[in-house]
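Analysis of the macromolecular model
The primary structure of each chain is shown beneath.
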Amino acid sequence: GHAKDAEARATPAEAQRVKKAPAGPPGFLIVASRPRSTVWVDGRNTRRQTPIRPSSPLRLSPGKHRIMLVVGRKRFKFTVTIKSGETGRLVKLLPL
């Protein structure tokens, strides 16, 4: 049970923060970058590359998310705040 281990490690404050996350339908994120990059969300590889268009956005729970754009060995980190039912956009010219 890895899940139990993770729960045991979370401090009470962290556990409360997770519970307080706004409930409700997910929000969406579109991502564009130059040059093209692979998009990671909260440390997880979405296996998608920019551009992530409005026709097939990323679905994210409301709240803050860490977005990482990976180009070769370079990593660019950003934070986005997603609102329920709304589409956020992250548009970046990456300094390569």
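Structure shown above.
What comes next concerns the included structure. (Residues numbered from 1 in each chain as written. Predicted model: local features only at pLDDT ≥ 70, side-chain atom pairs only at ≥ 80, totals over all residues. Heavy atoms only, no water.)

**Describing the sheet that holds strand β3 (residues 44-49)**
Strand order in the open sheet made by the 4 strands is β3-β2-β5-β6, with antiparallel pairing throughout. Strand pairing shows two members of the sheet lacking a second neighbour, β3 and β6 (74-82), which therefore form its edges. On average, each strand axis in the sheet is inclined to that of its neighbour by 30°, with strand direction left out of account. As paired strands, strand β5 (residues 63-71) and β6 are joined by 9 bridges and run antiparallel to one another. Paired with His65 across the two strands is Val80, which belongs to β6. (Pairing = 2+ DSSP bridges. Helix = DSSP H or I, 4+ residues; strand = E, 2+ residues; numbered from the N terminus. Axes fitted to C-alpha atoms, helices over the stretch in contact; angles between N-to-C directions.)

**Comments concerning the environment of Gly85**
By the element assignment, Gly85 lies in the loop between β6 and β7 (87-93). Taking the C-alpha atoms as reference points, Gly85 and Phe28, 57 residues apart in sequence, are found 7.2 Å from one another. Beyond its immediate chain neighbours, meaning those up to four positions away, Gly85 contacts Pro25, Pro26 and Gly27. (Contact = heavy atoms within 4.5 Å.)

**What to know about the nonpolar core**
In this structure, Leu29, Val31, Val39, Leu58, Ile67, Leu69 and Leu90 are the most contacted members of the largest nonpolar core, which totals 16 residues. Looking at this core, the elements that each hand over two or more residues are β1 (27-34), β2 (38-41), β4 (58-60), β5 and β6. If one sorts the elements of this core by residue count, β6 sits on top with 4 residues. Setting aside its immediate chain neighbours within four residues, Leu69 contacts Val31, Ser33, Ser37, Thr38, Val39, Lys74, Arg75, Phe76, Phe78, Lys92 and Leu94. (Core = buried A, V, L, I, M, F, W, Y, C linked by side-chain atoms within 4.5 Å. Buried < 20%, exposed > 50% of the residue type's maximum accessible area, 1.4 Å probe, protein only.)

**Examining the sheet that holds β4**
Read across the open sheet, the 3 strands follow the order β4-β1-β7; overall the sheet is mixed. With partners counted over all chains shown, the strands left at the sheet margins are β4 and β7, one partner each. Averaged over neighbouring strand pairs, the angle between their axes works out to 30° when direction is ignored. Both β1 and β7 contribute to a ladder of 7 bridges, which runs parallel. Looking at β7, one finds that Ser33 is bridged to Lys92.

Purely spatial values, then, with no claim about function.
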